[in-house]
Amino acid sequence: MLRQHSWYAWVKTTLLLITFSGCVTPSSSRIDPPEPHHGAQYYSSLTAKLLGSDTSKTLDYRLIDPVIFKGIVQENTLTHPIADPAKIQRLKANSVGITVDDQTIQIDLQWVRDRSIADSVEYQIYLYFDTTTGLISSAHGEPGTDSTTSPEYYYQSTTRVAHPFVDSVRLNWILIGQVHGHPARKDPGQTTAHHMSPADSITAHCLQIPVYAIDAMDKQSGSSEKMHRIVPNAASPPADDTTHIGSTRGKNFVAKDSIDIGRQALWIWGKSRLLDTACLNKNRHKGRDVWFTH
Ligand SMILES: [Zn+2]
């Protein structure tokens, strides 16, 4: 598969995340922009970044070729929603609706929680956006240790986005978020904190994605449990995180505060920057393979 796409420079790499076990108490401030309540939101089929929105009365997330989008709309659509009915009609005709496979995502969130608590290692899933279908869903990554997980991805230098590595490189998928468990430490002298770690904020910054952690240090497998989140470009990393943004559903589907984490991840990725290559190179996990193909 790599040879078929040899005009790209690929980097298969990983980032190291370390579960925070110290005594620093981070502040809890919400810095991501609020999600919109109306208007079609147009996302690029190349990068899954937000291209702009229109003044439609209903809220709608749509996938469109960025070249076609630019051909229809020339103005800065990130600051001024498109109001011209003729342009809106053309945009709608040339785009498809974005959907969320929330059932798979909710099952996977609970899977991260249950596996992490059962094995005392950090299990992880990737939140991805399929650029061919407009589907947001999740996939299992490789588990880590009791204090680390390493997202595996291919960095595409032409578009500066990351594709998750799930058995093989997924060229149609763009990495828009990562979720991992925070289990109890195997060393009885260390405790796992109920919030994001400094390493999580580095990952969020390098990959420009929201990173989520699920408490897996107490209670039983199958119970609903709290999720936390760090967003890219936090004002003062690593302290600027958001604790308890929602809960996993539990085996009895009892969570009252489950969230549409897939759409939230797309919203945050859609408005973040492209990948920070200097940050990626600096924080690459030295113990893993790094592949370059040309
Ligand atoms: Zn973490």
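Residues numbered from 1 in each chain as written. Predicted model: local features only at pLDDT ≥ 70, side-chain atom pairs only at ≥ 80, totals over all residues.

Engineer: Is there a simple way to think about the nonpolar core in this case?
Structural biologist: Taken as a class, soluble globular proteins show a tendency for nonpolar side chains to be buried jointly. Within the largest apolar cluster, 63 residues are counted, with the highest numbers of intra-cluster contacts made by Leu175 and Ile176. In terms of residue count, helix H5 (residues 261–271) provides more of this core than any other element does, six residues in total. Composition of this core by domain shows at least three residues from each of domain 1 (3–19 + 99–288) and domain 2 (39–96). When residues no more than four places from it in sequence are discounted, the contact partners of Leu175 are Tyr126, Tyr128, Tyr153, Ala162, His163, Pro164, Leu207 and Ile209. (Core = buried A, V, L, I, M, F, W, Y, C linked by C-beta atoms within 7 Å. Buried ≥ 20, exposed ≤ 12 C-beta atoms within 10 Å, placed from the backbone. Helix = DSSP H or I, 4+ residues; strand = E, 2+ residues; numbered from the N terminus. Domains from an automatic or database assignment. Contact = placed C-beta atoms within 7 Å.)

Engineer: What am I meant to see in the sheet that holds strand E4 (residues 50–53) here?
Structural biologist: Across a sheet, paired strands are connected by hydrogen bonds in the backbone, their directions being either parallel or antiparallel. With mixed pairing, the four strands of this open sheet are ordered in space as E4-E3-E5-E6. A single partner strand is all that each edge strand has here, and the edge strands are E4 and strand E6 (96–97). Examined bridge by bridge, strand E3 (residues 39–44) and strand E5 (residues 59–64) share six bridges and lie parallel to one another. Pairing of Tyr43 across the sheet is with Leu63, part of E5. (Pairing = 2+ DSSP bridges.)

Engineer: In this structure, what is going on with the confidence of the model for the protein chain? I would like to understand it.
Structural biologist: The predicted structure's coordinates, where accompanied by low pLDDT, should not be read in detail. Looking at the protein chain, pLDDT values average 82 and 83% of them are 70 or higher. Confidence drops under pLDDT 50 across residues 286–294; counting only partners more than four residues distant or on other chains, this segment forms 17 contacts. (pLDDT = per-residue confidence, 0-100.)

Engineer: Sorry, what's going on with helix H3 (residues 102–119) here?
Structural biologist: For the α-helix, the turn length of 3.6 residues means that residues three or four positions removed from each other point alike. Over its 18 residues, H3 runs 25 Å from end to end, which matches the ideal 26 Å to within 8%, given 1.5 Å per residue. All buried positions along H3 are accounted for by Ile105, Gln106, Asp108, Leu109, Gln110, Val112, Arg113, Asp114, Arg115, Ser116 and Ile117. The elements touched by buried residues of H3 are strand E8 (124–130), strand E9 (135–140), strand E14 (173–183), strand E15 (211–216) and H5. Ser120, located one to two residues past H3, shows a positive phi value of around 55°. (Expected span 1.5 Å × (residues − 1).)

Engineer: What's the story with the environment of Leu274 in this structure? I'm lost.
Structural biologist: Locating Leu274 in the fold gives a position in the loop between H5 and helix H6 (277–283). Residues within four places of Leu274 in sequence aside, it is in contact with Arg160, Val161 and Gln208.

Engineer: Quick question: what am I supposed to make of the environment of Glu75 here?
Structural biologist: Note that Glu75 resides in the loop between helix H1 (66–72) and helix H2 (85–93). For the pair Glu75 and Gly52, spaced 23 residues apart in sequence, the C-alpha separation works out to 9.8 Å.

Engineer: I would appreciate a short explanation of the sheet that holds E8 in the present structure.
Structural biologist: Read across the sheet, seven strands follow the order E7-E9-E8-E14-E15-E16-E17 without closing on themselves; strand pairing throughout is mixed. The sheet is open, and its two edges are formed by strand E7 (99–100) and strand E17 (242–247), each paired on a single side. Across four bridges, E15 lies against strand E16 (residues 226–230) in antiparallel orientation. Residue pairing in the sheet places Tyr212 in a bridge with Arg229 of E16.

Engineer: Is there a simple way to think about unusual backbone geometry in this case?
Structural biologist: In terms of backbone geometry, most residues other than glycine have negative phi values and most peptide bonds are trans. With a phi angle near 60°, Arg160 is a residue other than glycine that sits in the positive phi range. With respect to the helices and strands, the residue Arg160 is situated in the loop between strand E11 (152–156) and strand E12 (161–166). Arg160 gets classed as partly exposed once you count the C-beta atoms within 10 Å, which come to 14. Within the chain, His244 stands out as a residue other than glycine whose phi angle is a positive 50°. Tracing the chain through its elements places His244 in strand E17. For His244, a count of 14 C-beta atoms within 10 Å puts it in the partly exposed group.

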